[in-house]
Amino acid sequence: MSTRALRRLKGKQRGQEALDLGDLSLGDSPEEQAEAEVGEEQLDTANAANVSPPSNSKSSSRKTKKNKAQKNFSNIYELIGDAENESDRVSPDEDPEKNKGSGTRKNNNKDVENQDQKNEEESTKSGDRAKKKKKKKKTKTSEDGQLNGAATENIDLLLENVELSNGVSLQSEDCGCSVRRSVLHVEHRNLNSETELKRYFGARAVLGDQRPRQRNRHFHRSTWMTSPKESWPRFSRPGISMTLLESKNGGHYFTFEHNRDYQQMQFKFLDAVESMDPNNIVALLQLNPYHIDSLLQLSDVCRIQEDQEMARDLIERALYSFECAFHPLFSLTSGTSQLDYLRPENRAFYLALYKHMMFLEKRGCPRTALEYCKLILCLDPDSDPLCMLLLIDFLMLRSREYKSLLQLYQDWEEHRNLSQLPNFAFSCALCHFHLSQQEDVDPEESDKQRRQADQMLQNALIMFPGVLMPLLDLCTVQPDSTVSSHSFFGPKSQIGQPPALAELTALYVGRTYSLWKEAAVMLWLEESVKEVLRRVDAKDALVEDCQNKRKQRYQSAPRNIHRHVLLSEIKEATSTLPLEVTTQPVMGFDPLPPLDSVISYTRPERQHVGASNESTLSLFFRSLLPNFNLQGGLRQEDDMEVARAGQELNQEVNRLMVAMRDMLANIRFQEPPREDNPYRDEDEWD
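No experiment lies behind these values; they were computed from the predicted model shown.

Time to look at the overall build of the protein chain. From N to C terminus, the protein chain includes 31 helices and 3 strands. When each of the 686 residues of the protein chain is scored for burial, the buried share is 40%. Excluding contacts between residues fewer than 6 apart, the proportion of contacts in the protein chain whose partners are at least 24 apart in sequence is 73%. Of the accessible surface of the protein chain, which amounts to about 41200 Å², a share of 49% is contributed by carbon and sulfur atoms.

Written out as C-alpha cells, the structure reads:
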C-alpha cells in the first residue's frame with residue numbers, strides 16, 4: 001500500500017501539516033517513528049484483508065522509510081512545491097472512484113478511524129493554515145514570474161517610472177520637462193564609441209586580439225565617458241572637486257572648484273599662454289599631467305599641426321580628470337544635473353565635451369557624438385551656452401534618428417521657436433523625405449510623409465531663400481538659368497539678408513551640404529524650387545509675410561551663436577562674424593567668455609613693462625621676449641592705457657598669426673623636371 005493510501009485512511013491530505021525546521025533533520029523524529037509504526041500496523045491489516053504475501057509489506061514499509069529519509073534531505077520550499085504538485089495531481093474531488101474505495105476502507109477500519117479522529121481535529125487548524133500558506137505561495141510565485149517577465153521586457157520603462165517618481169525632469173514645469181526628458185535621454189552605453197563601432201564592424205574587428213594584461217596592470221577608476229590608457233601618466237588628483245550649490249524645481253546645480261595648488265597652476269598656465277610658446281605649456285604638463293586648460297590648449301596646437309590622434313588623446317585625458325572629480329549625486333543621464341557656464345571653472349568641462357564630440361563625429365561615430373550633444377544641452381538647456389540646437393539636427397540626420405528629430409521639433413517649437421532657425425526648417429523637411437523613402441512604410445503613410453516634406457521644404461525656401469545658391473555651389477550643382485536669374489534666389493537675396501541670418505545660413509550650408517548630395521534628394525529639391533518660383537510669381541501672401549519677418553528679425557546674433565561659430569571652424573560661417581568678435585583675442589581654452597561671469601578667484605596683478613605709445617614693432621618683439629623694453633627702463637602708465645596697449649598687442653598678434661597660417665597653407669613646391677621630359681633644359685638644375 002502506498003503512502004497516499006495511508007494518508008487517506010487517516011483522513012488527511014499531503015501538505016496539511018505545518019512544516020517545522022525540526023522536520024528537516026536527518027534523523028527520524030518521534031512522531032515520524034510513531035507514524036511509521038502505525039503505518040506498519042495498517043499495512044499488516046491491509047495485507048491480511050487482501051491476502052498478500054508478507055514480503056511485499058516489508059519492502060513497501062522500507063520504501064516509505066527511505067522516501068521519508070530522502071525528503072528530509074530536501075529544501076523546505078521543495079517540500080511545499082512537491083505537496084502542491086501532488087495535491088494538484090490527485091484530489092478527492094477529481095477521483096471519485098478512489099474516494100469510494102477509501103470510503104470502504106474506512107468502514108472496514110473503524111477502529112483506526114476512531115483512534116485518529118482526535119488527531120484529525122487537532123490538525124484541522126494547522127491544515128487550514130497550511131492551505132492558506134499554499135495559496136499565498138501560489139499567488140506569490142505566479143506574481144513573481146509575471147514581474148520577472150515584465151521586468152526583463154520593460155526594464156527601460158521601469159527605470160523611467162522610478163526616475164519620474166523621484167522627481168527627475170529636465171527643466172521646470174513650464175517648459176514641458178517630462179516630454180523633453182524622453183527626447184534628450186542620455187544612455188551610458190551610448191557614451192562609449194566602441195559600442196557604435198561594434199555595431200558597424202563587429203566586436204572582433206574593433207577589439208581584435210586585445211586582452212587584459214594580468215601582470216603590471218594599473219587599476220583605474222571605472223568611468224563612462226573615457227577609458228584610461230596604459231600610455232597615460234599615473235593619475236593623481238590635480239586639485240579639482242565638485243560641490244552641490246543648490247537643489248530646486250527638481251534640478252541639482254553643481255559647480256567645479258579649484259584648490260590653492262590648482263589656482264597656482266592656473267596662473268602659471270596663463271603666463272605660458274601669454275608667452276605664446278607651446279613649449280611652456282608642454283613643460284607645465286610634464287609637472288601636472290592632468291591640468292585641464294593645458295590639455296585643451298595643447299590639443300588645439302596638435303590639431304593645427306595635424307596630429308589628430310594626440311589631440312584626441314589629450315581631450316580624453318581631460319575628460320577622465322573631470323569624471324574622477326564628479327560629485328556622488330552628479331549624474332550624466334538623469335537630466336537634472338546642471339552646470340552654470342557663467343563660472344569659469346565649469347567652462348572647461350563644456351569645451352572638453354564639445355571637442356570630444358567633434359572628434360567622434362569626424363571619426364565616423366555620429367550616434368555617440370549625438371549622445372554627447374544631448375549631454376551638453378542637458379547641462380544648461382535654458383541658456384544653451386554652446387548653442388547645441390544649431391548642431392543636434394545634423395547629428396540626428398547623420399545617425400538616422402529621424403523620428404527623434406521630429407519629436408524634438410514638435411516639443412520645443414512652442415517655447416523656443418525652432419522654425420525660425422534655418423537648420424531646423426530644412427532638416428525637418430529632410431527628415432520627412434527620408435521617412436517617405438523607407439521600404440517598410442505603408443504607401444499611404446509614405447504619401448503623407450512626402451506631402452509634408454514638400455510643404456515644409458517650400459516654406460523653408462520661402463523663409464530662407466539665401467540658402468539655395470550657396471548649397472548648390474558646395475554640392476557642385478549648376479542651377480538652372482531660370483533659378484539663377486530670378487530675383488528671389490539671385491545674388492540680391494544673399495546681399496539683402498540681415499547679418500545674423502547670413503551667419504546662420506552660412507553655418508548650416510557649410511555643415512550639412514553633404515546630406516543634400518544624394519541624387520534623390522537633389523531631384524526633390526529641384527521640384528520644390530520650381531514650385532516656390534511659381535508661388536513667388538503668383539504673389540503668394542506667405543512670400544511677403546516671410547520677407548517682413550526677415551527684415552524685423554535677425555538683426556544681431558547673441559553671443560552664444562558667435563561662440564558656436566568660432567568652435568565649429570567652418571570657413572563659410574567664420575567669415576560672416578562681426579568686427580566686434582574678430583578684433584578681440586580668442587583663446588582656445590575660453591572662447592568669448594560671458595560678459596557677466598561669476599569670478600571665484602582673481603589672478604594677482606603683474607608688473608607691466610613698456611608703454612602704450614610704443615610702436616607695433618616694439619610690441620611684437622616684447623610679445624616674443626617678455627623682458628624686452630626699447631626705452632631701457634620701467635615706465636609707469638595709467639592702467640587704462642596699459643590695458644589698451646595689451647588689447648592692441650593681442651589684435652596685432654592674432655592678425656599676424658592668421659596671415660602666417662594663410663601663407664603656409666598657400667605654399668606650393670615646384671616639382672623637379674622628370675628625365676622623360678623632352679622639353680627639359682639641361683642647365684636648369686646644374
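This brings us to helix 26 (residues 541–552). Counted at 1.5 Å a residue, the expected span for helix 26 with its 12 residues is 16 Å, and the 17 Å between its end C-alpha atoms agrees. All buried positions along helix 26 are accounted for by Val543, Cys546 and Arg550. What you see down the axis of helix 26 is that its buried residues fit within an arc of 70°, all on one side. Turned more than 90 degrees away from the buried face of helix 26 sit Ala541, Glu544, Lys551 and Gln552, all of them exposed. Contacts made by the buried residues of helix 26 are with helix 20 (443–463), helix 24 (499–512) and helix 25 (519–537). Tyr554 sits one or two positions beyond helix 26 and adopts a positive phi of about 60°.

The subject of this paragraph is the environment of Glu401. Position of Glu401 relative to the elements: it lies in the loop between helix 17 (392–398) and helix 18 (402–416). Those residues in contact with Glu401, other than ones at most four positions away along the chain, are Arg367, Leu370 and Met396.

Counted under the stated rule, the structure contains 20 aromatic pairs. A centroid spacing of 6.2 Å and a plane angle of 85° characterise the contact between Tyr200 and Phe201, whose relative ring orientation is edge-to-face. Residue Tyr200 is classed as partly exposed on the basis of its relative accessible area of 44%. Judged by its relative accessible area of 58%, Phe201 is exposed.

What follows concerns the pattern of salt bridges. For the structure shown, the criterion picks out 22 salt bridges. Between Glu371 and Arg367 there is a salt bridge; the shortest N-O distance is 2.5 Å. One end of the pair, Glu371, and the other, Arg367, are both in helix 16 (residues 366–379), 4 residues apart, so they sit about a helical turn from each other. Here the two residues Glu371 and Arg367 agree in accessibility, since each one is buried.

Right, let's talk about the confidence of the model for the protein chain for a bit. With 62% of its residues at a pLDDT of 70 or more, the protein chain has an overall mean of 75. Taken as a whole, residues 147–153 scores under 50 in pLDDT and shows 2 contacts with residues more than four places along the chain or in a different chain. Low pLDDT, under 50, characterises residues 631–638; the predicted model gives this stretch 8 contacts beyond four residues in sequence or across chains.

What follows is about the sheet that holds strand 3 (residues 337–339). Pairing within the open sheet is mixed, and its 3 strands lie in the order 1-2-3. The open sheet terminates on both sides in strands that have one partner only, identified here as strand 1 (240–248) and strand 3. Across the sheet, the axes of successive neighbouring strands diverge by a mean angle of 35°, strand direction being ignored. Relative to strand 2 (residues 251–258), strand 1 runs antiparallel, the two sharing 8 bridges. Its bridge partner being in strand 2, Thr243 is matched across the sheet by Thr255. Taken strand by strand, helix 15 (residues 344–363) contacts strand 2 and strand 3, and its axis lies near 100° from that of strand 2.

With that settled, the discussion passes to the environment of Gln338. Summarising the element assignment, Gln338 is placed in strand 3. As a C-alpha pair, Gln338 and Leu244 span 94 residues in sequence and 10.0 Å in three-dimensional space.

About the thresholds
- Residues numbered from 1 in each chain as written.
- Predicted model: local features only at pLDDT ≥ 70, side-chain atom pairs only at ≥ 80, totals over all residues.
- Heavy atoms only, no water.
- Helix = DSSP H or I, 4+ residues; strand = E, 2+ residues; numbered from the N terminus.
- Buried < 20%, exposed > 50% of the residue type's maximum accessible area, 1.4 Å probe, protein only.
- Contact = heavy atoms within 4.5 Å.
- Areas by Shrake-Rupley, 256 points an atom, 1.4 Å probe, with all protein chains shown as cover.
- Expected span 1.5 Å × (residues − 1).
- Arc of directions from axis to C-beta.
- Phe/Tyr/Trp six-rings, centres within 6.5 Å; stacked < 30°, edge-to-face > 60°.
- Salt bridge = Lys/Arg side-chain N within 4 Å of Asp/Glu carboxyl O.
- pLDDT = per-residue confidence, 0-100.
- Pairing = 2+ DSSP bridges.
- Axes fitted to C-alpha atoms, helices over the stretch in contact; angles between N-to-C directions.

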